[in-house]
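Below, each chain spelled out in residue letters.
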Amino acid sequence: MALIVLAAAFDVLGPRVNDASVSGDGYALAVEYPLIARAGELSSLVVTITSDRAFGDTVEVRFCAEYFEHLDFQSWCPGPSAETSDLNWLVYEFDKPVQGQVL
């Protein structure tokens, strides 16, 4: 019991985030995602897409549908202009950024 109290005191049992990034073909993708979350507590999924050149009219982002089964997903900022899904994927379409090359 003392070990649990000590772990809680040092926030070892609290929410955790992780990040990953990849680049190629003129694009860079960075994702910060919840690694450990508590029920009823909000956690953020931050996706940043950077391009060496101007984006087209829209940017399509696909997520494994199974991933969102584990999150209490509330809203996007910026919100997608369209969304679709199939058995395995959730597909979000975003308008290109108003300025710059970062979404």
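In short, a report on the structure.

Rules used in this analysis
Residues numbered from 1 in each chain as written. Predicted model: local features only at pLDDT ≥ 70, side-chain atom pairs only at ≥ 80, totals over all residues. Heavy atoms only, no water. Pairing = 2+ DSSP bridges. Helix = DSSP H or I, 4+ residues; strand = E, 2+ residues; numbered from the N terminus. Axes fitted to C-alpha atoms, helices over the stretch in contact; angles between N-to-C directions. Salt bridge = Lys/Arg side-chain N within 4 Å of Asp/Glu carboxyl O. Buried < 20%, exposed > 50% of the residue type's maximum accessible area, 1.4 Å probe, protein only.

What follows covers the sheet that holds strand β5 (residues 82-85). Read across the open sheet, the three strands follow the order β4-β6-β5; overall the sheet is antiparallel. Edge positions in the sheet fall to β4 (58-64) and β5, since each of these pairs with one other strand and no more. Direction aside, the axes of adjacent strands within the sheet are offset by 20° on average. In terms of strand pairing, β4 meets strand β6 (residues 89-95) through seven bridges, oriented antiparallel. Following the sheet pairing, Val 61 is matched in β6 by Tyr 92.

Across a regular strand the side chains alternate sides, sitting on one face of the sheet and then on the other. Here β5 pairs with β6 via four bridges, running antiparallel. Directly across from Thr 84, in β6, lies its bridge partner Val 91. Between β5 and β6, which pair antiparallel and follow one another directly, the connecting turn spans three residues.

To continue, consider the pattern of salt bridges. A side chain of one charge can pair with a side chain of the opposite charge when the charged atoms of the two come close. Summed over the entire model, instances satisfying the criterion amount to one salt bridge. Salt-bridge contacts for Glu 60 lead to Arg 62; the nearest nitrogen and oxygen are separated by 3.4 Å. Judged by relative accessible area, which is 49%, Glu 60 ranks as partly exposed. Taking the relative accessible area as the measure of exposure, Arg 62 reaches 45% and is therefore partly exposed.

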